[in-house]
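Chain by chain, the residues:
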Amino acid sequence: MDIKHYMQQLGQQARSASRAMARADSATRNRALTLIADAIERDAAQLRAANQLDMDAAAANGLAPAMLDRLALSDKAIATMVEGLRQIVALPDPIGEISGLKFRPSGIQVGQMRVPLGVIGIIYESRPNVTVDAAGLCIKSGNATILRGGSEAIHCNRALARLVKEGLAGAGLPEDGVQVVDTTDRAAVGALITMPQYVDVIVPRGGKGLIARLMEEATVPMIKHLDGICHVYIDAKADLKKAVDIGFNAKCHRYGTCNTMETLLVARAIAPAVLPQLAKLYATKQVELRADPEALAILTAAGYPHLAAATEEDWSTEYLAAILAVKIVAGTDEAIEHINHYSSKHTESIITEDHTDAMRFLREVDSASVMINASTRFADGFEYGLGAEIGISNDKLHARGPVGLEGLTSLKYVVFGHGEVRQ
Ligand SMILES: NC(=O)C1=CN([C@@H]2O[C@H](COP(=O)(O)OP(=O)(O)OC[C@H]3O[C@@H](n4cnc5c(N)ncnc54)[C@H](OP(=O)(O)O)[C@@H]3O)[C@@H](O)[C@H]2O)C=CC1
Ligand SMILES: N[C@@H](CCC(=O)OP(=O)(O)O)C(=O)O
């Protein structure tokens, strides 16, 4: 079967399964999640073996260390996936809840009911835990899903897909409630984003190549979870210890994640004090600093070994690596202007003890998460208390920032009449 027909078949199956998923009661959906968690625990060794096939192939193809880190399915990662599913079970069921019911002068009662979106197509990076997190959230929220994971993770995703189907079937739900695209051919992505008759919404998680294709071709509505050009701004009134701890964590905690800082902005007044201290920590990780002329002068004087002059391109680059752009700014105005111009509207943080500046930053920075005195790495569904996340939306409509169960639902109006007719 060619890719287009294969994808249409997945679409038809998903559409049909979505009705049963939406109809299923809370206990059934939770039962499926529990069975999947149990199956993952039972087959951990097989999952590790499947992941090893992916890791070996990726290493042989020269995949960058940060991307290998993302692909790896350690025992800890397996335990986290299982725990994540159990946490999703414990979350309140959002589906079917009716809110805001009010009598109108006509006598009718009008309210809103929370309902699944239907069929959700998710395109994501080579990170196997996303297969389980996404499947779990879609099942809990009564949606059917088609998962197109990154090609480097294909063996592991196939193995996970079998366990998810086993759990769905065990709970009496259709196996097609969750389908993993079983090909790495990118034509499958092209098909998935152009079948609105079967797919209600696409959640794309990815970088520039994916964005370009979606902008050109997609006919299905999207909740975009795209690149993270995230900033930390160290204000003149920052606490030095907080600035250094956060500046280091936001860059070096994990290089490959979308909430990692890619540009550090530093107020001129504090730069000579803070940059050399931060540089000492960055040096332990050999972070390459691409600095504007003023920062370059301070870092050169501090004897920082991994330095380069920043170019215009650096301000809009997501490195996903041990590289950081550094720029000196006059103060909060310039920092906000720079961020609103160059950021990908994902996550930004100000380090300051000045309440007025902090509140201005919160109000005026136009990104999905805006933080005060915290690492951008906190932009995450677990960390925000959502239980799990589909990803981090840098779209403005429907869902913004970490997307959990609620982001996979919408509200429809429900009207309770008692025989009223409109006058
Ligand atoms: N906001 C968020 O929640 C998240 C954002 N990201 C972002 O993802 C990026 C890093 O991941 P990376 O793997 O490099 O991202 P990519 O964009 O390269 O890949 C992500 C997915 O998109 C697919 N893809 C990429 N380009 C195309 C194309 N032209 N046509 C069809 N499919 C395509 C990939 O398939 P294939 O395997 O074939 O390459 C993969 O499944 C960063 O920009 C990061 O910020 C990542 C995770 C979450
Ligand atoms: N929210 C997640 C990051 C999601 C994400 O960026 O994924 P990826 O780019 O594949 O590492 C976290 O904080 O670890």
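Since the model is a prediction, treat every value here as computed from it, not as a measurement.

Before going further, it helps to spend a moment on the packing of aromatic side chains. Enumeration over the complete set of coordinates arrives at two aromatic pairs. Ring centres of Tyr233 and Phe361 lie 6.4 Å apart, and the angle between their planes is 25°; on these two criteria the pair is classed as stacked. In this pair, Tyr233 sits in strand β7 (residues 230-234) while Phe361 sits in helix α14 (residues 355-364), placing the two residues 128 residues apart along the sequence. Across the pair, Phe361 and Tyr233 agree in class, each one buried.

All right, on to the UniProt feature "domain: Aldehyde dehydrogenase" (unreviewed entry) in the protein chain then. Look at the UniProt record and you will see "domain: Aldehyde dehydrogenase" (unreviewed entry) annotated at residues 11-292 and 315-379. Each end of residues 11-292 is marked by a C-alpha atom, and these two atoms are 50 Å apart; helix forms 51% of the span and strand 17%. Counted over residues 315-379, helix gives 32% and strand 25%. Its end C-alpha atoms are 21 Å apart.

The next thing to look at is the pairing of strand β11 (residues 323-329). Counting buried residues along β11, seven of its seven residues qualify, which places the element largely inside the surrounding structure. Pairing geometry for strand β8 (residues 261-267) and β11, over five bridges, is parallel. Bridge pairing in β11 links Leu264 to Val326.

Read across the open sheet, the four strands follow the order β5-β4-β3-β6; overall the sheet is parallel. Looking at strand neighbours, the two that pair on one side only are β5 (178-180) and β6 (201-204), the edges of this open sheet. Strand after strand, the sheet turns through a mean of 15° between neighbouring axes, direction not considered. With five bridges joining them, strand β3 (residues 119-123) and strand β4 (residues 144-148) adopt parallel strand pairing. Within the sheet, the bridge partner assigned to Gly121 lies in β4 and is Ile146. Its contacts with the sheet place helix α1 (residues 3-23) against β3, β4 and β5, and it is angled at close to 145° to β4.

Moving on, we come to the site of ligand 1. The environment of ligand 1 is formed by 26 residues, the closest being Tyr124, Ser151, Arg186, Glu318 and Ile392. Side-chain polar atom of Arg70 to an oxygen atom of ligand 1: 2.8 Å apart, as the coordinates give it. Backbone polar atom of Ile392 to an oxygen atom of ligand 1: 2.6 Å apart, as the coordinates give it. Protein contact buries 87% of the 890 Å² of open area that ligand 1 shows by itself. Those elements giving two or more residues to the shell around ligand 1 turn out to be α9 (208-217) and β14 (391-393).

A complete count under the given rule lists zero disulfides for this structure. Cys258 supplies the cysteine sulfur nearest to Cys230, a cysteine that is in no disulfide, at a spacing of 6.8 Å. A relative accessible area of 0% places Cys230 in the buried class.

Moving on: the site of ligand 2. Not every one of the 13 residues close to ligand 2 is listed here, only the nearest: Glu125, Arg127, Cys258, Asp380 and Glu389. Here an oxygen atom of ligand 2 sits 2.2 Å away from a polar atom, N or O, in the side chain of Arg127. One of the side-chain nitrogen or oxygen atoms of Arg377 is found 2.9 Å away from an oxygen atom of ligand 2. Burial of ligand 2 by the surrounding chains reaches 90%, relative to a free accessible area of 370 Å². Classifying every residue of the shell around ligand 2 gives three nonpolar, three polar and seven charged. Looking at which domains feed residues into the shell around ligand 2, each of domain 1 (3-225 + 390-416) and domain 2 (230-378) supplies at least three.

Our next topic: the nonpolar core. The biggest cluster of nonpolar side chains holds 70 residues, and the ones touching the most others in it are Met7, Ile40, Ile122, Ile146, Val199 and Ile390. Leave out the neighbours within four places in its chain, and Val199 touches Arg15, Val119, Gly121, Ile146, Leu192 and Val220. If you look at the next biggest cluster of nonpolar residues, it comprises 40 residues, including Cys252, Tyr282, Tyr304 and Leu324.

Analysis parameters
- Residues numbered from 1 in each chain as written.
- Chains lettered and ligands numbered in written order.
- Predicted model: local features only at pLDDT ≥ 70, side-chain atom pairs only at ≥ 80, totals over all residues.
- Heavy atoms only, no water.
- Phe/Tyr/Trp six-rings, centres within 6.5 Å; stacked < 30°, edge-to-face > 60°.
- Helix = DSSP H or I, 4+ residues; strand = E, 2+ residues; numbered from the N terminus.
- Buried < 20%, exposed > 50% of the residue type's maximum accessible area, 1.4 Å probe, protein only.
- UniProt positions renumbered as here; feature names shortened; annotations may be inferred.
- Pairing = 2+ DSSP bridges.
- Axes fitted to C-alpha atoms, helices over the stretch in contact; angles between N-to-C directions.
- Contact = heavy atoms within 4.5 Å.
- Near = heavy atom within 4 Å.
- Polar contact = N/O pair within 3.5 Å; in protein donor to acceptor, adjacent residues only side chain to side chain.
- Areas by Shrake-Rupley, 256 points an atom, 1.4 Å probe, with all protein chains shown as cover.
- Disulfide = S-S within 2.5 Å.
- Nonpolar A, V, L, I, M, F, W, Y, C, P; charged D, E, K, R; others polar.
- Domains from an automatic or database assignment.
- Core = buried A, V, L, I, M, F, W, Y, C linked by side-chain atoms within 4.5 Å.

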